[in-house]
Amino acid sequence: MELVAAIVVGGLFGAAVYLLLWRTPVKLIIGLVLLSNAINLLIFLAAGLTRGKPPIIPEGSLRAAQAVADPLPQALILTAIVISFGVLAFTLVLFSRTFKTLAATHLDEMKTTDS
Amino acid sequence: MIAIVVLSGFGLALVAPAVQRLLPRHAGWLLALLPLGVTVTLARHAMTIADGGVIAQSHAWAPALGVTLSFYLDGLSLLFALLISGIGTLIVIYSGAYLSGHPNLGRFYAYLLAFMASMLGLVLAGNLIAVFIFWELTSLSSYLLIGFEHEREAARKAALQALLVTGIGGLALMAGLVLMALAGNSWELAEMLDRRLNLAGHPFYLAIVILIFAGAFTKSAQTPFHFWLPSAMEGPTPVSAFLHSATMVKGGVYLVLRLTPILGGTAAWQTTLMLVGAVTMILGAWLSLLQTDLKRLLAYSTVNGLGTLMFLTGIGTRTAIIGAVVFLVAHALYKASLFLNAGVVDHETGTRDVRRLGGLYRHLPLIGSAAVLAGLSMAGLAPFWGFIGKELIYEATWQSVGQTSGLLTTAAVAANALLIAATGVLVIKPFFGPVRTVPDGHHPVGPALWLGPLLPAVLGLLCGLLPGWPAQVFITPAVAAVLAQPQDIHLALWHGFTPMLGLTGLTLLLAFGVYRRHAGIRDGSARFALGACGPAAGYEISLNGMMKLAKWQTRFLQSGYLHNYILTLIIATIALVGYTLLRGAPFQLTLPAMDVKLYEGVLAALMLSAAVVTVRAQSRLSAIVAMGVVGYGLALLFIDFGAPDLAMTQFIIETMTVILFVFVIYRLPAYKIISTPRQFARNGVVAVAAGVLMTTLVLVALGVREGSLLSEFFEANSFIKAHGRNIVNVIIVDFRAMDTLGEITVLTLAGAGVYTLLKLRPKEDR
């Protein structure tokens with residue numbers, strides 16, 4: 001399964017890069033979303049995949065059973081998902097305001113004015 | 001002791017502006033006490049040095065790098081240091097009167113004292129790194145002093161020019177000194193001189209010589225770098241007198257004399273110095289004759305003097321070195337006097353144009369006498385110190401071996417004849433010609449103004465009349481330091497009827513002829529000006545070229561298009577990571593076992609197709625839906641592989657993202673094809689490469705994975721220490737609680753930003 005997941009990471013990453021190079025703002029932002037998804041999956045995958053064994057300590061036990069999923073990357077990704085949502089929301093609103101104010105139709109037109 | 005001598009100048013520079021503010025009328029005299037004290041302190045060691053002693057002192061500075069703040073006082077450095085502090089005393093006194101009432105006089109004192117300290121540091125430093133640092137400090141303070149009247153564009157340009165020319169030379173010098181230290185296996189000058197080290201046979205030798213010459217020739221204004229010196233006359237006159245005739249420009253000469261025992265004796269060293277010196281000497285004298293501005297005339301005659309010093313060092317015989325040291329002192333004395341003189345003339349009459357000056361002696365007798373005394377010494381007439389210097393120059397060229405003797409003598413006679421004619425232009429007409437400009441009498445010439453011109457001029461006469469004492473105390477130890485063996489030198493005015501006396505007579509005749517026709521020569525030569533092919537034009541061209549290059553580079557790197565920046569970032573990442581993967585430690589590309597369940601395969605295929613849809617979709621809404629599919633697919637993967645918390649979060653966030661998108665999307669411009677098919681193809685190639693790279697990277701990472709100590713710690717302690725059964729939650733709210741707090745802060749800020757941007761309305765919308 002790791003191989004398939006690795007291919008999914010590569011596919012998402014490639015699509016994200018392609019979208020980032022687009023000059024229409026919507027595509028660029030979708031590219032950002034795909035990029036963060038791809039990176040989250042990458043971190044998840046790099047720690048190794050463990051099917052169906054969440055890192056939870058069962059009742060009556062002092063520590064987790066052997067061979068549960070690694071909790072550390074999960075904690076990292078949890079933070080990353082939320083942070084990237086915050087950044088995304090801000091970018092989205094900033095873009096919409098900017099394009100409206102400048103009456104621009106694509107990203108290249110944004111270099112022409114500072115006001 | 002020496003460290004205090006050097007560093008006290010920097011200290012006083014800091015408080016000089018305050019002194020000027022408290023005692024505006026007497027600050028010059030008061031501040032001059034320091035250079036005077038330095039002169040006296042150094043002079044007290046003169047007898048020790050004359051007896052063959054050296055004083056070396058060392059203070060640890062950066063011991064790990066082998067850099068010490070060490071000082072080395074021998075005959076050569078003592079002579080230079082005395083000239084610097086002695087003339088410095090007069091300059092500080094003079095500045096107080098010359099610039100009296102100037103709003104920035106306090107700052108001027110600060111620059112001047114800092115310069116003096118740097119210059120003392122340069123000639124007294126014993127460590128090669130310290131030599132370089134003081135060398136650069138003199139360039140820097142020179143920049144500040146030339147540009148002192150920074151409201152004028154000409155002054156700013158001249159300051160920048162001097163800084164660039166000497167600064168580039170300084171960098172070359174640094175490389176040369178570092179190579180020298182490597183070759184000599186020591187950073188200490190004193191040690192190298194003590195060991196009688198000579199690097200002539202070392203493989204680095206030629207590189208060292210070229211680099212050190214680059215530094216010395218730019219600093220000492222040798223052809224073709226001489227052009228910055230006349231431009232530097234934009235600085236106030238005390239600066240010209242101090243830096244650009246008597247001291248700083250002699251830094252290069254000092255360096256060459258200092259290093260002659262270590263690097264000299266080869267054709268590369270001696271012949272280069274001789275040739276460059278000879279060209280500079282003749283060119284300087286010739287250009288000096290063509291000037292009408294007093295200060296520019298003096299500047300070119302300084303170029304001549306510096307050329308003469310290099311020329312004599314290049315000849316390198318005992319007589320030549322004695323000649324160089326004697327001429328060095330003579331030049332410093334008469335040139336400081338004449339520059340300060342020109343300053344007073346400018347001050348009193350408001351012009352420095354020799355064509356408009358005349359008959360000033362009657363109005364300014366003291367200044368006029370100083371001009372005559374200094375001028376006679378510059379012309380090399382008996383019984384002045386300059387005469388002894390010139391006789392020694394002729395003796396050196398006359399006695400030099402081989403067939404070049406005639407050539408060298410001719411060069412020296414030609415340069416001297418031109419220089420004497422220029423001296424005539426400088427002194428005779430302005431002071432004794434028909435009266436043209438009468439001083440307005442608004443500025444009385446007080447002692448502060450006449451002391452500077454008169455004292456060095458009188459010293460030039462006294463030394464000429466009584467040459468025995470200076471020869472024994474100052475000249476002998478300096479020559480001994482350059483030749484690296486004890487000397488016994490006797491100087492005299494009268495040597496009998498020698499060929500040198502004949503040459504002096506010939507020079508005077510020639511000079512008289514040239515002087516009679518100097519106005520015609522000046523006007524006639526104006527047609528042959530180098531103009532567009534001179535070295536000054538070369539400087540302009542390189543400076544403009546540099547500006548254009550910088551502009552082009554900025555436009556190239558900073559195009560202002562977002563996609564260019566992203567493209568650069570991604571291509572650089574692919575190239576660097578790819579290179580490391582290919583060339584780095586051999587890695588194992590593990591192909592894990594294919595235990596794919598059917599639903600997992602379907603999920604992966606769905607995510608990939610959704611990614612393709614986001615790229616290809618023409619409608620914004622379908623792109624967003626496809627993006628949502630990718631996100632939900634990811635959440636399902638999280639569930640499958642034991643991460644229920646991640647899945648929950650991912651579901652919520654993805655839903656919110658889609659909702660937010662739908663809200664905002666119609667405010668954003670619709671799709672538009674702007675890129676050309678070629679650009680799309682290029683983007684596609686880059687994107688595929690990036691994807692392949694990431695897949696490879698993940699597979700490599702899987703191969704090198706080792707158990708994490710941190711994970712084990714969390715698994716073991718989550719319940720025992722933090723009393724939580726969900727390990728991921730415990731990490732977030734307990735073990736890494738501060739991180740989570742930071743994350744919440746970021747979210748809050750982002751939320752506040754979103755709210756503000758949505759609520760904020762420009763005025764016209766209301």
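The rules we used
Residues numbered from 1 in each chain as written. Chains lettered and ligands numbered in written order. Predicted model: local features only at pLDDT ≥ 70, side-chain atom pairs only at ≥ 80, totals over all residues. Heavy atoms only, no water. Helix = DSSP H or I, 4+ residues; strand = E, 2+ residues; numbered from the N terminus. Buried < 20%, exposed > 50% of the residue type's maximum accessible area, 1.4 Å probe, protein only. Contact = heavy atoms within 4.5 Å. Areas by Shrake-Rupley, 256 points an atom, 1.4 Å probe, with all protein chains shown as cover. Lys, Arg positive; Asp, Glu negative; His and termini not counted. Charge placed at Lys NZ, Arg CZ, Asp CG, Glu CD. Rg over C-alpha atoms; globule rule 2.2 N^0.38 Å. Core = buried A, V, L, I, M, F, W, Y, C linked by side-chain atoms within 4.5 Å. Pairing = 2+ DSSP bridges. Axes fitted to C-alpha atoms, helices over the stretch in contact; angles between N-to-C directions. Left-handed = near helix turned anticlockwise from the far one by under 90°. Nonpolar A, V, L, I, M, F, W, Y, C, P; charged D, E, K, R; others polar. Buried area = accessible area lost by both parts, 1.4 Å probe. Salt bridge = Lys/Arg side-chain N within 4 Å of Asp/Glu carboxyl O. Polar contact = N/O pair within 3.5 Å; in protein donor to acceptor, adjacent residues only side chain to side chain. Parallel < 35°, antiparallel > 145°, perpendicular 65-115°, else oblique. Phe/Tyr/Trp six-rings, centres within 6.5 Å; stacked < 30°, edge-to-face > 60°. Lys NZ or Arg CZ within 6 Å of the ring centre and 35° of its normal. pLDDT = per-residue confidence, 0-100. Expected span 1.5 Å × (residues − 1). Patch = residues over 30% accessible without salt bridge, like charges linked within 9 Å, V, L, I, M, F, W, Y side chains within 5 Å. Bend = angle between axes of the 7 residues up to and from the residue.

J.: Even after reading the chapter, I still don't get the overall build of chain A, so can you show me in this structure?
T.: Along its length, chain A carries three helices and zero strands. Sequence-ordered secondary structure for chain A, helices as α and strands as β, is α-α-α. Oriented by its inertia axes, the alpha-carbon framework of chain A measures out at about 65 × 30 × 15 Å. In chain A, which comprises 115 residues, the proportion classed as buried is 61%. Contacts in chain A between residues far apart in sequence, at least 24 positions, make up 49% of those at least 6 positions apart. Carbon and sulfur atoms make up 67% of the accessible area of chain A, which amounts to about 4100 Å² in all. Charge-centre separation for chain A: the mean point of 8 positive side chains lies 4 Å from the mean point of 6 negative side chains.

J.: Would you explain the overall build of chain B in this entry?
T.: Within chain B, the secondary structure is distributed over 32 helices and two strands. For 766 residues, the compact-globule estimate of 2.2 N^0.38 gives 27 Å, and the C-alpha radius of gyration of chain B, at 38 Å, exceeds that figure by more than 25%. The principal-axis extents of the C-alpha atoms in chain B amount to approximately 115 × 70 × 55 Å. Looking at the 766 residues of chain B, the share that counts as buried comes to 54%. Pairs at least 24 residues apart make up 78% of the contacts formed inside chain B by residues separated by at least 6 positions. Accessible surface computed for chain B: about 33500 Å², of which carbon and sulfur atoms make up 69%. In chain B, which carries 46 positive and 33 negative side-chain charges, the distance between the mean positions of the two groups comes to 11 Å.

J.: Which parts of the structure should I look at to understand the nonpolar core?
T.: Grouped burial of nonpolar side chains is what soluble globular proteins tend to show. B:Met180, B:Trp228, B:Leu263 and B:Leu491 are the most contacted members of the largest nonpolar core, which totals 190 residues. By residue number, the principal contributor to this core is helix α16 (residues 318-349) of chain B, which donates 20 residues. What B:Trp228 contacts, discounting residues up to four positions off in sequence, is B:Gln161, B:Ala162, B:Val165, B:Thr166, B:Thr218, B:Lys219, B:Ala221, B:His244, B:Met248 and B:Val249. Among the nonpolar cores identified, the runner-up in size contains 91 residues, and A:Ala15, A:Ile77, A:Ile81 and B:Met627 belong to it.

J.: Help me out: how do you make sense of unusual backbone geometry in this one?
T.: A negative phi angle characterises most non-glycine residues, just as the trans form characterises most peptide bonds. All names here are of chain B. Cis peptide bonds are those with omega within 30 degrees of zero, and the linkage from Thr 223 to Pro 224 qualifies with 0°. Structurally, Pro 224 is set in the loop between α10 (205-219) and α11 (228-231). Residue Pro 383 follows Ala 382 across a cis peptide bond; omega there is 0°. With respect to the helices and strands, Pro 383 occurs in the loop between α17 (365-379) and α18 (385-399).

J.: Got a minute to help me understand the pairing of strand β1 (residues 55-62) of chain B in this structure?
T.: Every regular strand shows the same layout, with side chains that alternate between the two sheet faces. Alignment of β1(B) against strand β2 (residues 67-73) of chain B, held across seven bridges, turns out to be antiparallel. Paired with B:Ala62 across the two strands is B:Val67, which belongs to β2(B).

J.: Teacher, can you tell me more about the packing of α17(B) against helix α20 (residues 447-465) of chain B here?
T.: Relative orientation and spacing of two packed helices are given, respectively, by the angle between their axes and the distance between those axes. Residues and elements named next belong to chain B. For the pair α17 and α20, interaxial distance at closest approach is 8 Å and the crossing angle is 35°. As α17 packs across α20, the resulting crossing turns out to be left-handed. Counted together, Leu 366, Ile 367, Ala 370, Leu 373 and Ala 374 of α17 and Leu 449, Trp 450, Pro 453, Leu 454, Ala 457, Val 458 and Leu 461 of α20 form the full contact between these two elements. A breakdown of the residues in the contact of α17 with α20 according to their chemical character gives 12 nonpolar, no polar and no charged.

J.: Please clarify how the interface of chain A and chain B should be interpreted in this entry.
T.: Where interface size is given, it is often the accessible area lost as the parts come together that is meant. Contacts between the two partners involve 87 residues from chain A and, on the opposite side, 102 residues from chain B. Carbon and sulfur atoms supply 75% of the area that chain A and chain B bury against each other, a total of about 8700 Å² over both sides. Linking chain A to chain B there are two salt bridges. When the shortest N-O distance is used, the salt bridge between B:Arg725 and A:Glu59 registers 3.7 Å. Linking chain A with chain B are 16 residue pairs in polar contact (both at pLDDT 80 or more).

J.: In this structure, what is going on with the packing of α10(B) against helix α13 (residues 251-263) of chain B? I would like to understand it.
T.: Residues and elements named next belong to chain B. For the pair α10 and α13, the least separation of the axes is 9 Å and the interaxial angle reads 160°. In terms of orientation, α10 lies roughly antiparallel with respect to α13. The two elements α10 and α13 cross, and the hand of that crossing is left-handed. Facing Tyr 205, Ile 208, Ile 212, Ala 216 and Lys 219 of α10, the residues of α13 in contact are Gly 252, Leu 255, Val 256, Leu 259 and Leu 263. Residues that form the contact of α10 with α13 fall into these classes: eight nonpolar, one polar and one charged.

J.: Sorry if this is basic, but what is going on with the packing of aromatic side chains here?
T.: For any pair of aromatic rings, the description rests on two quantities: the centre-to-centre distance and the angle between the ring planes. All names here are of chain B. By the definition in use, this model includes 18 aromatic pairs over all chains. Seen in terms of ring centroids, Tyr 94 and Tyr 98 are 5.6 Å apart; in terms of plane orientation they differ by 15°. Their pairing is stacked. Note that Tyr 94 and Tyr 98 are positioned in helix α5 (residues 75-98) at a spacing of four residues, about one turn of the helix. Comparing Tyr 94 with Tyr 98, the two get one shared label, buried. Residue placement shows Lys 219 over the ring face of Trp 135; its charged tip is 4.9 Å from the ring centre. A cation over an aromatic ring shows up here: Arg 725 above the ring of Phe 719, its NZ or CZ 4.1 Å from the ring centre.

J.: Please clarify how the confidence of the model for chain A should be interpreted in this entry.
T.: Predicted coordinates in areas of low pLDDT are best not read in detail. Of all residues in chain A, 95% attain a pLDDT of 70 or more, and the chain-wide mean is 85. Mean pLDDT across the secondary structure elements of chain A bottoms out at helix α3 (residues 71-102) of chain A, with 88, and peaks at helix α1 (residues 2-20) of chain A, with 92.

J.: Looking at this structure, I do not really get the pattern of salt bridges. What am I missing?
T.: Side-chain pairs of opposite charge can arise whenever the charged atoms involved come near each other. Residues and elements named next belong to chain B. Tallied over the entire structure, the rule returns 10 salt bridges over all chains. A salt bridge links Arg 152 to Glu 234, with the shortest nitrogen-to-oxygen separation between them at 2.8 Å. Here Glu 234 lies in the loop between α11 and α12 (237-246) and Arg 152 lies in the loop between α7 (128-146) and α8 (153-184), a separation of 82 residues in the sequence. Note on Arg 152: relative accessible area 33%, which makes it partly exposed. Linking Asp 293 and Arg 352 is a salt bridge whose minimum nitrogen-to-oxygen distance equals 3.3 Å. Of the two residues, Asp 293 sits in the loop between α14 (267-289) and α15 (294-315) while Arg 352 sits in the loop between α16 and α17, which places them 59 residues apart along the sequence. For Arg 352, a relative accessible area of 24% corresponds to the partly exposed category. The network of salt bridges with shared partners includes Glu 149, Arg 152 and Glu 234.

J.: How should α16(B) be read in this particular structure?
T.: Each turn of an α-helix holds 3.6 residues, which means side chains three or four residues apart point in the same direction. Residue and element names in this part refer to chain B. Taking 1.5 Å of rise per residue, the 32 residues of α16 would be expected to cover 46 Å, and the 46 Å separating its terminal C-alpha atoms lies within 8% of that figure. Of all the 32 residues making up α16, 30 are buried; the element is thus mostly covered by neighbouring parts of the structure. Within two residues after α16, Gly 350 carries a phi angle of roughly 85°, on the positive side.

J.: Honestly, a nonpolar patch on the surface in this entry has me stumped. Any pointers?
T.: All names here are of chain B. Judged by side-chain polarity, Leu 22, Leu 23, Leu 30, Leu 33, Leu 36 and Val 40 come together as a nonpolar surface patch covering roughly 570 Å² of accessible area. By the secondary structure assignment, Leu 30 is in helix α2 (residues 27-31). Exposure remark for Leu 30: the relative accessible area of 40% places this residue in the partly exposed category.

J.: What's the story with the environment of A:Asn40 in this structure? I'm lost.
T.: All names here are of chain A. Mapped onto the fold, Asn 40 is located in helix α2 (residues 25-46). Using a relative accessible area of 5% as the deciding quantity, one classes Asn 40 as buried. Along the chain, Asn 40 and Gln 74 lie 34 residues apart, while their C-alpha atoms are 9.3 Å from each other. Look past the residues within four positions of Asn 40 in its chain and what remains in contact with it is Ile 77, Ala 80 and Ile 81.

J.: Is there a simple way to explain helix α1 (residues 2-22) of chain B in this structure?
T.: All names here are of chain B. Spanning 21 residues, α1 covers 30 Å between terminal C-alpha atoms, matching the ideal 30 Å at 1.5 Å per step. At Val 15, α1 shows its largest kink, close to 45°, and the proline Pro 17 lies no more than four residues downstream. Along α1, the residues classified as buried are Ile 2, Ala 3, Val 5, Val 6, Gly 9, Ala 13, Ala 16, Val 19 and Gln 20. Of the surrounding elements, those touching the buried residues of α1 are α2, α3 (33-44), β1, β2, α6 (105-124) and α7.

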